[in-house]
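Inside the fold
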Amino acid sequence: MKAVVFKAPYELSVEEVADPRVEEPLDAVIRITTANICGSDLHPYEGRAELEPGMVLGHENMGVVEEVGPGVNRIKKGDRVSVPFNLACGTCRNCTAGWTSACLRANPSGQPGAGYGYPNMGPYWGGQAEYLRVPWADFNLLHLPEGTEHESDFTMLSDIFPTGYHGTELAQVAPGKTVAIFGAGPVGLMAAHSAAIRGASQVFVVDHQPDRLRLAEQAGSKVGLEVTAVNAAETDVVEAIMDGTDGFGVDCGVEAVGYQAHDASGQEHPAMVLDNLVQVVRATGHLGVVGVYMPEDPDAATEPAKEGRVAFDFGSAFTKGLSIGTGQCPVKRYNQELRDLIIRGVASPSFIVSHEVALDEAVDAYKKFDERADGYTKVLLHPDA
Ligand code: NAD
Ligand code: ZN
Ligand code: ZN
């Protein structure tokens, strides 16, 4: 089959690799119809997280079941499915508690949590390819309505719609709450869409990128909420949010940037967004941090990007009595309900899609997405195009 293969940082190729097959009785093989490029793919792409050369990329996958193993009985050949980016066994202590993001059995390295085509997430190939092998298929796969309707909405269910939603859950967004979201990348935009759906009364979205901020302004349109875009390149963001909330600050803050946070000139400041959030969230408010921060690695090169210790003002967070939730999203916790919101017309996450291209064009699409070339926000790859 054809697949997007990682060779080295900034070097990918679309090439022929072995077809995935059913290896274990509980496996399924999916024919991919859509696989997205994610901001998280840029961590290995830019060489900030080490990935084995030869790995097939892609953790945001959906498609149609091609084949199932002899132990699979809920999922059948021909079913249209979404594949959560967390690859989970379904029976370990964390999976049974609903934390598929911290599965204790799926990652042979022993680290909690596994996934497809990703550093430190196990040996599993990704789905930026014609086919994908899915272990523990009955547990992991989510059924979608037959046909092709809502393809570009449903494709957000494998990662970023649940992840944005998880950010708002950790931040305890509820009807009437005020919310500040940092980052208008796909994850931040999905957090804004989620906050609107959850009934927030006021939502601010902060970024430096005018094209992404324009998308943020549409994030609440389904439910009639006007989202306020704050351009960090032009405005003091803390002042703008404090002024916009009569000096009180917001109830809830969502971090959707990660350690690669930078200022308007492009200079990296891994603590910058956490510092801003601690300033704008009111005392006893809640923070949801879904932007990625890497564990400390004493052996890594010393650039700040690989530094796990992020020096933000924890003292102010303590003084204000803030609660802080973090981590990878357990996609299965949310994906059924979010699917149904799409089916009933309440949610429409596809408003962030900027490009849909054939798998053959993936190398160029990665480059443009990485450079934030004008308008590249969310790229969908179609192997069958
Ligand atoms: P992205 O890189 O496309 O978006 C990040 C955005 O943050 C960019 O638009 C950038 O301009 C903006 N930004 C940078 N510095 C900023 C600052 N100081 N203030 C405000 N905005 C700033 O990435 P994405 O796909 O939206 O993902 C965002 C983060 O979420 C990444 O770290 C990604 O790895 C992570 N992620 C986490 C999970 C999870 O399960 N927790 C899942 C998917 C992605
Ligand atoms: Zn992703
Ligand atoms: Zn498990």
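These numbers come from a predicted model, not from an experiment. In this numbering scheme, every chain counts its residues from 1 along its sequence in written order. Throughout, the order in which chains and ligands are written sets their labels, letters from A for the former and numbers from 1 for the latter. At least 70 in pLDDT is required for a residue's local features to be given in this predicted model, at least 80 for side-chain atom pairs to be given and counted, and no such filter applies to totals for whole chains, interfaces and linings, which use all residues.

1. A look at the packing of helix α8 (residues 237-244) against helix α9 (residues 272-280)
At a closest axis distance of 10 Å, the pairing of α8 and α9 adopts a crossing angle of 25 degrees. Considering the angle they form, α8 stands roughly parallel to α9. At the point where α8 passes α9, the crossing takes the right-handed sense. Side by side, α8 and α9 meet where Val237, Val238, Ile241 and Met242 of the first sit next to Asn276, Gln279 and Val280 of the second. Residues that form the contact of α8 with α9 fall into these classes: 5 nonpolar, 2 polar and no charged. All axes here are fitted lines through C-alpha atoms, helices being fitted over the stretch that makes contact, and every angle between N-to-C directions spans 0 to 180 degrees. A run of H or I in DSSP counts as a helix once it spans at least four residues, and a run of E counts as a strand once it spans at least two, with each numbered from the N terminus. An angle counts as roughly parallel when it lies under 35 degrees, as roughly antiparallel when it exceeds 145, as roughly perpendicular when it falls between 65 and 115, and as oblique in every other case. By definition, turning the near helix anticlockwise from the far helix through less than a right angle yields a left-handed crossing, and turning it clockwise yields a right-handed one. We call two residues in contact whenever the C-beta atoms placed from their backbones are within 7 Å. All amino acids are sorted into three groups, where Ala, Val, Leu, Ile, Met, Phe, Trp, Tyr, Cys and Pro are nonpolar, Asp, Glu, Lys and Arg are charged, and the leftover types, Gly among them, are polar.

2. A look at the domain arrangement of the protein chain
Domain start and end points were adopted from an automatic or database domain assignment. Split by domain assignment, the protein chain resolves into domain 1 (2-159 + 330-382) and domain 2 (164-326). In this structure, domain 1 and domain 2 have C-alpha centres spaced 26 Å apart. The partner domain 2 presents 19 residues to the 20 residues of domain 1 that form the contact. Residue composition of the side of domain 1 that touches domain 2, by class: 10 nonpolar, 6 polar and 4 charged.

3. Brief notes about the sheet that holds strand β11 (residues 250-255)
Strand pairing follows a simple DSSP-based rule, namely that at least 2 bridges must link the two strands. With parallel pairing, the 6 strands of this open sheet are ordered in space as β10-β9-β8-β11-β12-β13. Each end of this open sheet is capped by a strand with a single partner; those strands are β10 (228-231) and β13 (323-326). Across this sheet, the average inter-strand angle for adjacent strands is 20 degrees, counted without regard to direction. Its contacts with the sheet place helix α7 (residues 210-217) against β9 (202-207) and β10, and it is angled at close to 165 degrees to β10. Docked against the sheet, α9 engages β8 (178-182), β11 and β12 (281-289), running at close to 170 degrees with respect to β11.

4. Some remarks on the site of ligand 1
Around ligand 1, a shell composed of 31 residues is seen, among which Gly39, Gly183, Gly185, Val187 and Gly258 lie nearest. Looking at the shell around ligand 1, the elements that each hand over two or more residues are α5 (160-170), α6 (186-197), β9 and α9. With 3 residues, the single largest contributor to the shell around ligand 1 is α6. Each residue belonging to the shell around ligand 1 can be placed in one class, and the counts come to 16 nonpolar, 12 polar and 3 charged. No fewer than three residues from each of domain 1 (2-159 + 330-382) and domain 2 (164-326) sit in the shell around ligand 1. Each residue gets a C-beta atom placed from its backbone. Should that atom fall within 6 Å of a molecule or strand, the residue is termed near it.

5. Considerations on unusual backbone geometry
The backbone of tryptophan 136 sits at a positive phi, close to 45 degrees, despite the residue not being glycine. Tracing the backbone shows tryptophan 136 in the loop between β6 (131-134) and α3 (137-140). Positive phi outside glycine occurs at glutamine 172, with the angle close to 60 degrees. Residue placement: glutamine 172 occurs in the loop between α5 and β8.

6. Looking at the UniProt feature "domain: Alcohol dehydrogenase-like N-terminal" (unreviewed entry) in the protein chain
What UniProt calls "domain: Alcohol dehydrogenase-like N-terminal" (unreviewed entry) maps, in this numbering, to residues 26-142. Strand forms 24% of residues 26-142 and helix 10%; the C-alpha atoms that close the span are 15 Å apart. UniProt positions are given in the numbering used here, feature names are shortened, and annotations may be inferred rather than shown by experiment.

7. Concerning the nonpolar core
As a rule of thumb, nonpolar side chains are buried together in soluble globular proteins. Residues Val179, Ile181, Ala192 and Val205 are the most contacted members of the largest nonpolar core, which totals 121 residues. For this core, the element with the most residues is α6, which contributes 8 residues. Structurally, this core is a two-domain feature, drawing no fewer than three residues from each of domain 1 (2-159 + 330-382) and domain 2 (164-326). Ignoring any residue separated from it by four or fewer positions in sequence, one finds alanine 192 in contact with Ile181, Val203, Val205, Ala216, Ala219, Gly220 and Val227. Here, a nonpolar core denotes buried Ala, Val, Leu, Ile, Met, Phe, Trp, Tyr and Cys residues that are linked to one another through C-beta atoms within 7 Å. Once C-beta atoms are placed from the backbone, each residue is buried if 20 or more other C-beta atoms lie within 10 Å of its own, exposed if 12 or fewer, and partly exposed for counts between those two.

8. Side note on α7
When we look at burial in α7, the residues that qualify are Arg212, Leu213, Leu215 and Ala216. Angular distribution of buried residues about the axis of α7 spans 155 degrees; they occupy a single face of the element. Buried residues along α7 sit in contact with α6, β9 and β10. Arc definition: directions from the helix axis to the C-beta atoms.

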